[in-house]
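Each chain, letter by letter, is given below.
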Amino acid sequence: MTGRVSKSGWWGLALIVASLALGIAATGGYLTGFDRPVFQALALTRAHSSGWTIAVAQAFSWLGSASVRSVYILPALLVLAMRHHWRDILLFVVVIALTVFSDTALKEVFGRVRPALVPWLDNPANLSYPSGHSANSMVVLLLSALLIADRRLVGAAIALAAAVGISRVSLGVHWPSDVVGGWMFGGGAALVGASLSRRTQTRPTSVGSA
């Protein structure tokens, strides 16, 4: 494993640990000074927000839903299969499955209640921390881009996952720290997964190196 890949993997683990620490702080009530003002700045309501802003937020939230995430997965699997990167396909599926399972389990572990400051513009059925839309969109999109090895896709993946997360606060169903924790958890999982790819581990070094 090259130094670069090893560092990437360690950064991923650090992000995962940071997301767990953030969850402890959030459920302990230590982030109220951050969560409330940011939430109030971003949250939309039918009484005070325009219809198009609500529609945009709902559209981005939909782009991070489980049904749409499966649509992102299929092209990534196809590209990896066309390149005969079979190990990366298995890695991709396993990392995503573990992230989805872990996110669901962590919601129960932290047991954080969703915000009740404004009427919700969505209908979530589970607990709040970490945001599943944020974590799962980030791991699917970022890991796809990293395994395909396209820097433009990496930027697009982060931007779309960011928009999905912000939309969850705008719809009133998540605290901002839920979303930040989800981004860190999903992004960390993507970095760890990419660091385990044999293709990135065996990337040739510069000419003249040992």
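Parameters and conventions
Residues numbered from 1 in each chain as written. Predicted model: local features only at pLDDT ≥ 70, side-chain atom pairs only at ≥ 80, totals over all residues. Heavy atoms only, no water. Core = buried A, V, L, I, M, F, W, Y, C linked by side-chain atoms within 4.5 Å. Buried < 20%, exposed > 50% of the residue type's maximum accessible area, 1.4 Å probe, protein only. Helix = DSSP H or I, 4+ residues; strand = E, 2+ residues; numbered from the N terminus. Phe/Tyr/Trp six-rings, centres within 6.5 Å; stacked < 30°, edge-to-face > 60°. Expected span 1.5 Å × (residues − 1). Arc of directions from axis to C-beta. Salt bridge = Lys/Arg side-chain N within 4 Å of Asp/Glu carboxyl O. Polar contact = N/O pair within 3.5 Å; in protein donor to acceptor, adjacent residues only side chain to side chain. Contact = heavy atoms within 4.5 Å. Patch = residues over 30% accessible without salt bridge, like charges linked within 9 Å, V, L, I, M, F, W, Y side chains within 5 Å. Areas by Shrake-Rupley, 256 points an atom, 1.4 Å probe, with all protein chains shown as cover. Axes fitted to C-alpha atoms, helices over the stretch in contact; angles between N-to-C directions. Parallel < 35°, antiparallel > 145°, perpendicular 65-115°, else oblique. Left-handed = near helix turned anticlockwise from the far one by under 90°. Nonpolar A, V, L, I, M, F, W, Y, C, P; charged D, E, K, R; others polar.

**Focus: the nonpolar core**
What tends to happen in soluble globular proteins is that the nonpolar side chains get buried as a cluster.
Step number 1: By size, the foremost hydrophobic cluster in this structure holds 23 residues, and its most contacted members are Phe-92, Val-95, Val-139 and Leu-143.
Step number 2: Of all the secondary structure elements, the ones that give two or more residues to this core are helix 4 (66–82), helix 5 (86–110), helix 6 (132–148), helix 7 (151–170) and helix 8 (176–195).
Step number 3: Per-element tally for this core: the top contributor is helix 6, with nine residues.
Step number 4: Residues Leu-22, Ala-25, Tyr-129 and Phe-185 belong to the second largest nonpolar core, which totals 11 residues.

**Observations concerning the packing of aromatic side chains**
Step number 1: Enumeration according to the criterion identifies two aromatic pairs in this entry.
Step number 2: Measuring from centroid to centroid gives 5.1 Å for Phe-110 and Tyr-129, while their planes differ by 80°, and the two rings are edge-to-face. Placement of the pair is Phe-110 in helix 5 and Tyr-129 in the loop between helix 5 and helix 6, with a sequence separation of 19 residues. Taken individually, Phe-110 and Tyr-129 each receive the classification buried, so the pair is uniform in this respect.

**Focus on helix 4**
Step number 1: The end-to-end C-alpha separation of helix 4 is 25 Å, in line with the 24 Å expected for 17 residues at 1.5 Å each.
Step number 2: Those residues of helix 4 lying buried are Val-68, Arg-69, Tyr-72, Ala-76 and Leu-80. Along helix 4, the residues classed as buried sweep out an arc of 120° about the axis, all on the same side. Across from the buried face of helix 4, at angles greater than 90 degrees, the exposed residues are Ser-67, Val-71, Leu-74, Leu-78 and Met-82.

**What about the pattern of salt bridges?**
If charged atoms from side chains of opposite charge come close, those side chains can pair.
Step number 1: In the structure shown here, the tally under the stated rule is four salt bridges.
Step number 2: Ionic pairing is found between Asp-122 and Arg-168, a salt bridge with its closest N-O pair at 2.6 Å. Of this pair, Asp-122 sits in the loop between helix 5 and helix 6 while Arg-168 is found in helix 7, placing the two residues 46 residues apart along the sequence.
Step number 3: Look at Arg-168 and you get buried, because its relative accessible area is 2%.
Step number 4: Across the pair Arg-152 and Asp-150 runs a salt bridge, and its minimum N-O distance is 3.4 Å.
Step number 5: A single salt-bridge network, built from bridges that share partners, covers Asp-35, Arg-112 and Asp-178.

**Description of the side chain of His-133**
Step number 1: Within the element layout of this structure, His-133 appears in helix 6.
Step number 2: Residue class for His-133 comes out buried when judged on its relative accessible area of 17%.
Step number 3: A distance of 3.4 Å separates a polar side-chain atom of His-133 from the backbone oxygen of Ser-61.
Step number 4: Each residue touching His-133, except ones within four places of it in the same chain, is listed here: Ser-61, Gly-64, Ser-65, Arg-69, Val-164 and Arg-168.

**Re the environment of Leu-78**
Step number 1: In this structure, Leu-78 sits in helix 4.
Step number 2: Separated by 11 residues in the primary sequence, Leu-78 and Ile-89 have C-alpha atoms spaced 9.2 Å apart.

**Section: a nonpolar patch on the surface**
Step number 1: A contiguous nonpolar surface patch, about 310 Å² in accessible area, is contributed by Trp-52, Val-56 and Phe-60.
Step number 2: For Phe-60, the location among the structural elements is in helix 3 (residues 51–63).
Step number 3: Owing to a relative accessible area of 31%, Phe-60 belongs among the partly exposed residues under this scheme.

**Re the packing of helix 6 against helix 8**
Step number 1: Contact geometry for helix 6 and helix 8: axes closest at 7 Å, N-to-C directions at 30°. Considering their axes alone, helix 6 and helix 8 lie roughly parallel with respect to each other. The way helix 6 lies across helix 8 gives a crossing that is right-handed. Side by side, helix 6 and helix 8 meet where Ser-134, Ala-135, Met-138, Val-139, Leu-142, Leu-143, Leu-146 and Leu-147 of the first sit next to Val-179, Gly-182, Trp-183, Phe-185, Gly-186, Gly-187, Ala-189, Ala-190, Leu-191, Gly-193 and Ala-194 of the second.
Step number 2: Class assignment of the residues belonging to the contact of helix 6 with helix 8 gives a composition of 14 nonpolar, five polar and no charged.

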